[in-house]
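Structural characterization, general
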Protein chains: 2
Amino acid sequence: MKDLTPTVTTGPLPASRRVWHAGTRHPDIRVPMREIDLHPTAGEPPVTVYDSSGPYTDPDAQIAIDRGLPRLREDWIAARGDTETYHGRHVQAADNGFAEGARLTPEFPVRNAPRRATQGRAVTQMAYARAGIVTPEMEFVAIRENLGRKAQAEAHAQTLPRDGEGFGAEIPDFVTPEFVRDEIAKGRAIIPANINHPEAEPMAIGRNFLVKINANIGNSAVTSSMAEEVEKMVWATRWGADTVMDLSTGRNIHNIRDWILRNSPVPIGTVPLYQALEKVGGVAEDLSWEVFRDTLIEQAEQGVDYFTIHAGVRLHMIPMTVNRVTGIVSRGGSIMAKWCLHHHRESFLYEHFDEICEIARAYDVSFSLGDGLRPGSIADANDEAQFAELETLGELTQIAWARDCQVMIEGPGHVPMHKIKANMDKQLQVCGEAPFYTLGPLTTDIAPGYDHITSGIGAAMIGWFGTAMLCYVTPKEHLGLPDRDDVKVGVITYKIAAHAADLAKGHPAAQIRDDALSRARFEFRWEDQFNLSLDPETARSMHDETLPKEAHKVAHFCSMCGPKFCSMRISHDIRAEAQKDGMARMAEKFREGGDLYIPLEDKA
Amino acid sequence: MKDLTPTVTTGPLPASRRVWHAGTRHPDIRVPMREIDLHPTAGEPPVTVYDSSGPYTDPDAQIAIDRGLPRLREDWIAARGDTETYHGRHVQAADNGFAEGARLTPEFPVRNAPRRATQGRAVTQMAYARAGIVTPEMEFVAIRENLGRKAQAEAHAQTLPRDGEGFGAEIPDFVTPEFVRDEIAKGRAIIPANINHPEAEPMAIGRNFLVKINANIGNSAVTSSMAEEVEKMVWATRWGADTVMDLSTGRNIHNIRDWILRNSPVPIGTVPLYQALEKVGGVAEDLSWEVFRDTLIEQAEQGVDYFTIHAGVRLHMIPMTVNRVTGIVSRGGSIMAKWCLHHHRESFLYEHFDEICEIARAYDVSFSLGDGLRPGSIADANDEAQFAELETLGELTQIAWARDCQVMIEGPGHVPMHKIKANMDKQLQVCGEAPFYTLGPLTTDIAPGYDHITSGIGAAMIGWFGTAMLCYVTPKEHLGLPDRDDVKVGVITYKIAAHAADLAKGHPAAQIRDDALSRARFEFRWEDQFNLSLDPETARSMHDETLPKEAHKVAHFCSMCGPKFCSMRISHDIRAEAQKDGMARMAEKFREGGDLYIPLEDKA
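Residues numbered from 1 in each chain as written. Chains lettered and ligands numbered in written order. Predicted model: local features only at pLDDT ≥ 70, side-chain atom pairs only at ≥ 80, totals over all residues. Heavy atoms only, no water.

1. A short note on unusual backbone geometry
Cis geometry marks the peptide bond from Gly440 of chain A to Pro441 of chain A, where omega comes out at 10°. Note on placement: Pro441 of chain A falls in the loop between β14 (436-439) and α15 (451-465). The linkage connecting Pro412 of chain B with the following residue, Gly413 of chain B, adopts the cis geometry, with an omega of 0°. Even without glycine at this site, Gln119 of chain B takes up a positive phi of about 50°. Residue classification places Gln119 of chain B among the exposed residues on the basis of a relative accessible area of 72%. Of note, Glu433 of chain B is a non-glycine position whose phi angle comes to about 70°, a positive value. Mapped onto the elements, Glu433 of chain B comes out in the loop between α14 (420-430) and β14 (436-439). A residue is classified by how much of its surface remains accessible, and Glu433 of chain B, at 29% relative accessible area, is partly exposed. (Helix = DSSP H or I, 4+ residues; strand = E, 2+ residues; numbered from the N terminus. Buried < 20%, exposed > 50% of the residue type's maximum accessible area, 1.4 Å probe, protein only.)

2. A word on the sheet that holds strand β13 (residues 407-411) of chain B
Residue and element names in this part refer to chain B. Around the barrel, which closes on itself, the eight strands sit in the order β8-β9-β10-β11-β12-β13-β14-β15 with parallel pairing between neighbours. Looking at each pair of strands side by side, their axes are set apart by 25° on average, direction ignored. Pairing analysis gives four bridges linking strand β11 (residues 306-309) to strand β12 (residues 366-369), with the strands arranged parallel. In the sheet register, Ile309 faces β12, and the bridge partner there is Leu369. (Pairing = 2+ DSSP bridges. Axes fitted to C-alpha atoms, helices over the stretch in contact; angles between N-to-C directions.)

3. Here we look at the UniProt feature "binding site: Zn(2+)" (unreviewed entry) in chain A
The sites that UniProt annotates as "binding site: Zn(2+)" (unreviewed entry) are His414 and His478 of chain A. For the residues just named, distributed over 65 residues, the greatest C-alpha separation is only 12.3 Å, placing them together at one site. With a relative accessible area of 7%, His414 of chain A lands in the buried category. Apart from residues lying up to four places away in sequence, His414 of chain A is in contact with Pro375, Gly376, Ser377, Ile378, Ala381, Pro441, Leu442, Asp445 and His478 of chain A together with Arg521 of chain B. (UniProt positions renumbered as here; feature names shortened; annotations may be inferred. Contact = heavy atoms within 4.5 Å.)

4. Here we look at the packing of aromatic side chains
Residues and elements named next belong to chain A. If you walk through the whole model with that rule in mind, you get 26 aromatic pairs over all chains. Centre to centre, the rings of Phe108 and Trp259 are 5.1 Å apart; their planes meet at 80°, and the pair counts as edge-to-face. In this pair, Phe108 is assigned in the loop between β4 (83-85) and β5 (115-117) and Trp259 in helix α7 (residues 253-262), connecting sequence segments 151 residues apart. Between Trp464 and Phe465, the aromatic rings sit 5.5 Å apart at their centres with planes inclined by 25°, giving stacked as the arrangement. Assigned by exposure class, Trp464 and Phe465 land together as buried. By the ring-pair criterion, three or more aromatic residues cluster together here, those being Trp289, Phe292, Trp339 and Phe348. Of note, Lys426 hangs over the ring of Phe387, and the distance from its end group to the ring centre comes to 5.5 Å. (Phe/Tyr/Trp six-rings, centres within 6.5 Å; stacked < 30°, edge-to-face > 60°. Lys NZ or Arg CZ within 6 Å of the ring centre and 35° of its normal.)

5. Section: the environment of Gly432 of chain A
All names here are of chain A. With respect to the helices, strands and loops of the structure, Gly432 is situated in the loop between α14 (420-430) and β14. For Gly432, a relative accessible area of 32% corresponds to the partly exposed category. Here the alpha-carbon distance between Gly432 and Gly394, two residues 38 residues apart in the chain, equals 7.1 Å. Dropping the residues within four chain positions of it, Gly432 is found in contact with Trp401 and Gln427.

6. Section: the environment of Ile195 of chain B
Residue and element names in this part refer to chain B. Mapped onto the secondary structure, Ile195 falls in the loop between β6 (189-190) and β7 (205-206). Taking the C-alpha atoms as reference points, Ile195 and Asn112, 83 residues apart in sequence, are found 12 Å from one another. Among residues more than four places away in sequence, those in contact with Ile195 are Arg73, Ile77, Thr83, Arg115, Arg116, Ala117, Val123, Ala362 and Tyr363.

7. Remarks on the nonpolar core
One finds Ile309, Phe353 and Phe367 of chain A together with Ile309, Phe353 and Phe367 of chain B to be the most contacted residues of the largest nonpolar core, which totals 323 residues. Among residues more than four places away in sequence, those in contact with Ile309 of chain B are Phe292, Leu296, Leu349, Phe353, Ile356, Phe367, Ser368, Leu369 and Gly370 of chain B. (Core = buried A, V, L, I, M, F, W, Y, C linked by side-chain atoms within 4.5 Å.)

8. Here we look at the relation of the copies chain B and chain A
The operation linking the two copies of the chain is a rotation about an axis combined with a translation along the axis. Take chain B, turn it by 180°, move it 0.0 Å along the axis, and it overlays chain A with an RMSD of 0.0 Å. With respect to symmetry, the two chain copies, as superposed, fit the operation of a two-fold axis. Across chain B, the smallest distance between a C-alpha and the rotation axis is recorded for Ile457 of chain B, namely 2.3 Å. Mapped onto chain A, 99% of the interface residues of chain B again fall at the interface, so both copies present the same surface. (Least-squares fit on C-alpha atoms with pLDDT ≥ 70 in both.)

9. Brief notes about the pairing of β14 of chain A
Residue and element names in this part refer to chain A. Alternating positions in β14 separate into two faces, Phe436 and Thr438 on one and Tyr437 and Leu439 on the other, with burial throughout. Following the chain from strand β13 (residues 407-411) across α14 to the adjacent parallel β14, one finds a crossover that is right-handed. Pairing of β14 with strand β15 (residues 469-471), which is carried by three bridges, proceeds in the parallel orientation. Bridge pairing in β15 places Tyr437 opposite Met469. (Right-handed = clockwise from strand over helix to strand, strands pointing away.)

Structure, rendered in structure tokens:
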């Protein structure tokens, strides 16, 4: 029974404290951030960074995986008075792939009655936003995105540098709750927040917010267990995953998902089709609307925050994929294509999309409209099938929006650099500025084992162009299931891509951490360099491989150049000499064209 | 004495053979390439890839590190009749930092008399190109860049797909020796090929050729040895480094460099200033033109193929760096800045640049004009100091070209994505299209330990925009000296960036390997996927972690999705079904708007 209470990674990151900022409109909300303390010699305030890790990094939090996280949104949801609790659907043996006895993952020990909208109401953040209501979730997001920089800027009378190329993004200096409401109302951002997942800390996905990243986890028919998956979720959020998709297949899908949801501080996404396929024994043709609908309700009651729905795969598009080098590479896409072809009709996802919206609005499940026909190779990028589906996703977006459902759009995949921007441009054009959520894209196919890098390049670029969330790719992509180390490398790589995108878009706060780290580097504050980095453990251990002694943590050089060749040490000498000489005056003189500046032509 | 004959990594990569293509104009030249054999079920010819690894991957080659590689260019050079052998400079104790006894790295056992131009002649590839001479080096490069695709294209009557955005690059369908000559004559490409390094296989660096990568090695005052450095050179070229820079500091610089040069199949670059500084005891102010000149001759006689010369750091620019967040981060740049400031005059590099050119043209040492004032942080990117120096590098380029010297220009460094293209545009504009050679650039500073990735993003982009060679960054950047594993990760990451750039530029042959690997993936030829990848060992071992059995190498699924969820397997079913149904006819019907295609608006 050791699986019942798996252990997960807890404790703060080095020199870091979890801090909270209270709301103004909603004084009871407490928005978490991470403050990284710097060495006293820096004379600088702590650096505040976005924190997706939940209570696990709070040393004062009582973590008990078999009880789950505190249900922080429960009162907010109840207070709206538009939902009811009800008995909910009975768990069936098929939900767990008929696993029995020792092979059955135990149920999560606590059961909360599910909640749903009353009288066909829409209880989505979009519905509230359109009604002019600023929800606690919206204020939470506004505070979270600002990272306390308004107070800091006012205290120091700083003007925020605005530098960058946003390609039409409209990122404000400071995010207000009203701005969040407006973006949600327009469909340009979503807050994935199922009313049955009150444990999650609200976050926004949209082009005018910080670029987010998703990490995929999930057991498969071949390997892994519940305990591993819960730890992978905690581990992924520790390093910065903003949402987690549970892509489990095989047995025990229902019960594993419950453990994940009850312990997840971030929104959880799924592809309900995977579980539906398991329920019909893996035979795509045997899928039906009834099985799928039942699965949606099962997962909505559990609290899944967003569903990938491959409703854009239409019958007439399938022939467009036949001459591709790699056919259909989306699992959901291929399953639906097979179903369509077998039954020779449009998919039940497409035909019943209205009813899918009815379910989604009753629980506030956001849509991630799946790109079932995304390219699976450089050769297939930006082809007819891909763009035909994208246009259909645009039509479906309008249908969902008409029902107040929150929508984001999935994108590729495998795209060479010169074809990336066309993806973003077309998505903005045909999907009404609904947030784009891309997988990479990989910019070449020749490096299996390094596809976090081939795709990190594409992810940074498409994030710059406007993609709101980047789905990570781990080194194991195309080769095997990622383990814990792979998850971390994938997350860090995508944090790099997202942050590089924020910098290039001109996000007003993006450069604060870069500059703090650069100053630490220039001033030989090694500990600060480690602590400010995305992965302090790796930075420190790499440094210590060649200069392990504690004394070297204050050394004014490193093993790369050694003391004599240290450019930064020499730069300090130059500054000192410059001050002695009155460098400022000297600079003036040179700019005026003093004697010492002899143009090369004259000299030659 | 075990250091005398260090062992290096030898043997072919999996399923790979080293093959040779003969010249036409010069029938004695043998241009190496690597052919990767595919599984017989593929029904495809071997895939030919560029091979920088030298004889080390040839099982028939006799490798003896203490004898060095065959001197393949010796006869070509002698046949030109414009050089003479001479006794050369005596090795001095200072050349090896006064290392003695057991601390002295042994001299390389074979001494060849150095060669230099007679009567002030220029013996550079540029001089020959301008004289209308197609050298064996030029034909070698032309054959090498084509990778046998002309013969293949003719055999299969294929038209080459030309897709991409080259931003003004003029990449031909097939590279001819005349094209190479023309590019060299214009200064748009270089062939770094010191007449005293006849062991190296000629290669070209230029915007209209394949994007190249450089790997840095070198011992430091703190760590490493000759045996390690020779192995790092062999190891780096095994994975794809096109040139190697020996950035050694500390003792034994001269002797270690000799071992590296005599065994290197790729051009070797250095920063002569480093050795000059060692000769004056590490005191920048004590550097002089005499010491530097002596070092240039020492290294030119040994066979160094390109020199980084920081002649662009001028006195009036130094004040521009004083308010930077990270000052001057180039080692050479900071040393020269300190010298200039101390002596209050222009540097001896700038003042004696003419004489430096005289030395370079006598041995055909190419210049890599160093960016001593490159930014060391996101905050300092594209600033006044950086661009002022770049303009001076443009002036120096003209001086070098006037003396028939080959030139490339070094570039940054640390640059956020939205400021990368401006670097390329300005370099093209002010440096007359001399090849650009950039370090990264890093697109964010918050990820020490992952700077191969932060910089791989920038490298891919600037490669796309037109950079001819990308200097790798390893995971240890900013933290310590790279070991063997770091070198490999750095090289593979930069091969990815260079190849992604070739694809996006629309290089006519770039996609061949991607497509072959994609087909292998779609057809479940696992062995071919591994063998076609940049790092077959890693791809295979990652696959085997979850599905180790030999039987799984032919499995029509992998551990990521398992058999039921394998989109590729399902895609094959779809193809089979499509053939049964006459998919082509079906496609026609759908495109005409058959019954099954009901637009969403009508349905709703």
